[in-house]
Amino acid sequence: MVATRKSRMTLKAIGKVSNEVTQPRRQGWEKVISEIVIDSRLTQALDGLDGFSHIKVLFWMHQLAAGEVPLKVHPRGDPENPLVGLFATRSPRRPNPIGETTVRLLERRGNILRVEGLDAVCGTPVVDIKPYIPGNDSVADARVPSWVTQSRGIGQRLEEIYRRLMDGYGPQHWWPAEDPFEVMVGAILTQSAAWGNVEKAIASLKEAGALSPAALRRLPLADLAKLIRPCGYYNAKALKLKALAQWLGESCADDLERLFRGDTAALRGQMLSIHGIGDETADSILLYAADKPVFVIDAYTRRILSRLGLAPVGVSYAACQAIFMDSLPADIGLFNEYHALLVYLAKNVCCRRPRCRECCLADICPSRVTE
Ligand code: SF4
């Protein structure tokens, strides 16, 4: 969704969340104690709030990747739930990642509100506070569709699949690279290429002293193409690497630490504007180079998910990503291993012609071939 000039608006954080939770999760927030540190210039605006037992907190879910947002989703990421409009769900992946939660107000100390049950990670910007007023904020005869009460919990099924894959194949140690820039280069070179050939191309770049943004900018295009020849489409990929190196110089003076400290959604949007970087490459960089909790989707993932009956054949990138990101805790280590394990499964077991007899998911897979 592209914001037009007319629809742009400015939102100011009024404070920040401070707690011990560093990664978003789906459950287990009820007992989390947080402090909301309000901008001290607004302290007086809190007067009288401690007369209320509960408050509503509106916050900006800054760790969520933005990009394309599906307009229709299966609620809770469960394909057995009906496909409904995004705004008929609580999916956190929305055009504006605004969260709203009613929490118990334990204490107000000056500009600090101590609350229980806020489902926001440490550092989350808070955009508004309102008192909870029974009668105004609760409705006695509210009606909800049946999926709200009957959902089967896709999160548990995805966790079961992950556990079996991990038990069966163990940690995959992704991404094999010496530093984040090597991950970025590898993410481009691996497009339509076997990893073994990518390794050869990266080894050539290292040997030529060309594996840095500045060196790539200096290197003539034809020489670069020659160095990365083993991974195929080398002329096109040389142009892509040049575009990446150019962008890094202009956007952050090659300071990747500074670049990756930025907002995930904004960073994703910027990367998608670079020649040769699409959804999968951008998300690979976000997860494996920038340590952001973003689930990477590829053709292997879509194949496995559809065979497992968790997504329709031809599911879009965004919808497939939402199945994972709406159902699993946003855990970098989990996303790292899960994606790598799915790739392993697709390459070695759930191939074009699946070897179901060897598969650790066979007894929970509706596409299992018994021959
Ligand atoms: S049982 Fe067969 S089709 Fe199902 S995931 Fe395993 S290999 Fe793929």
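Calculation criteria
Residues numbered from 1 in each chain as written. Predicted model: local features only at pLDDT ≥ 70, side-chain atom pairs only at ≥ 80, totals over all residues. Domains from an automatic or database assignment. Contact = placed C-beta atoms within 7 Å. Nonpolar A, V, L, I, M, F, W, Y, C, P; charged D, E, K, R; others polar. Near = placed C-beta within 6 Å. Helix = DSSP H or I, 4+ residues; strand = E, 2+ residues; numbered from the N terminus. Buried ≥ 20, exposed ≤ 12 C-beta atoms within 10 Å, placed from the backbone. pLDDT = per-residue confidence, 0-100. Core = buried A, V, L, I, M, F, W, Y, C linked by C-beta atoms within 7 Å. Pairing = 2+ DSSP bridges. Axes fitted to C-alpha atoms, helices over the stretch in contact; angles between N-to-C directions.

Description of the domain arrangement of the protein
Once the domains are mapped, the protein shows domain 1 (15-62 + 97-150) and domain 2 (180-358). Measuring from the centre of the C-alpha atoms in domain 1 to the corresponding centre in domain 2 gives 36 Å. Taken residue by residue, the interface counts 5 residues in domain 1 and 7 residues in domain 2. The residue makeup of the side of domain 1 that touches domain 2, split by class, is 1 nonpolar, 2 polar and 2 charged.

Here's the deal with the site of the ligand
Every one of the 14 residues lining the ligand counts as a neighbour, but Cys350, Pro354, Cys356, Cys359 and Cys365 are closest to it. For the shell around the ligand, a count of residues per class yields 10 nonpolar, 1 polar and 3 charged.

Details of the environment of Ile297
Tracing the sequence through the fold places Ile297 in the loop between helix 10 (279-289) and helix 11 (299-307). Overall, Ile297 belongs to the buried group, with 26 C-beta atoms counted inside 10 Å. Sequence-wise, Ile297 and Asp283 are 14 residues apart; in three dimensions their C-alpha atoms are separated by 8.1 Å. Setting aside residues no more than four positions away along its own chain, Ile297 makes contact with Glu280, Arg302, Tyr317, Cys320 and Gln321.

Re the confidence of the model for the protein
Averaged over every residue, the pLDDT of the protein is 90; the share at 70 or more is 93%. Contacts from residues 1-5, a stretch scored under 50 in pLDDT, to residues over four places away or in other chains number 3 contacts.

Considerations on the nonpolar core
Core analysis: the biggest nonpolar cluster contains 66 residues, and Leu189, Ala201, Ile228, Leu241, Ile285, Ile323 and Leu345 have the highest contact counts within it. When sequence neighbours within four positions are dropped, the list of residues in contact with Ala201 reads Leu189, Leu227, Ile228, Pro230 and Cys231. Ranked by size, the runner-up nonpolar core spans 17 residues in total, among them Ile36, Ile38, Leu64 and Leu118.

Re the sheet that holds strand 3 (residues 54-60)
Reading around the circumference, 1-2-7-6-3-8 is the order of the 6 strands in this closed barrel, with antiparallel pairing throughout. Across this sheet, the average inter-strand angle for adjacent strands is 45 degrees, counted without regard to direction. Sheet topology note: the strand 2 (residues 33-38)/strand 7 (residues 112-116) ladder contains 5 bridges and is antiparallel. Within the sheet, the bridge partner assigned to Glu35 lies in strand 7 and is Arg114.

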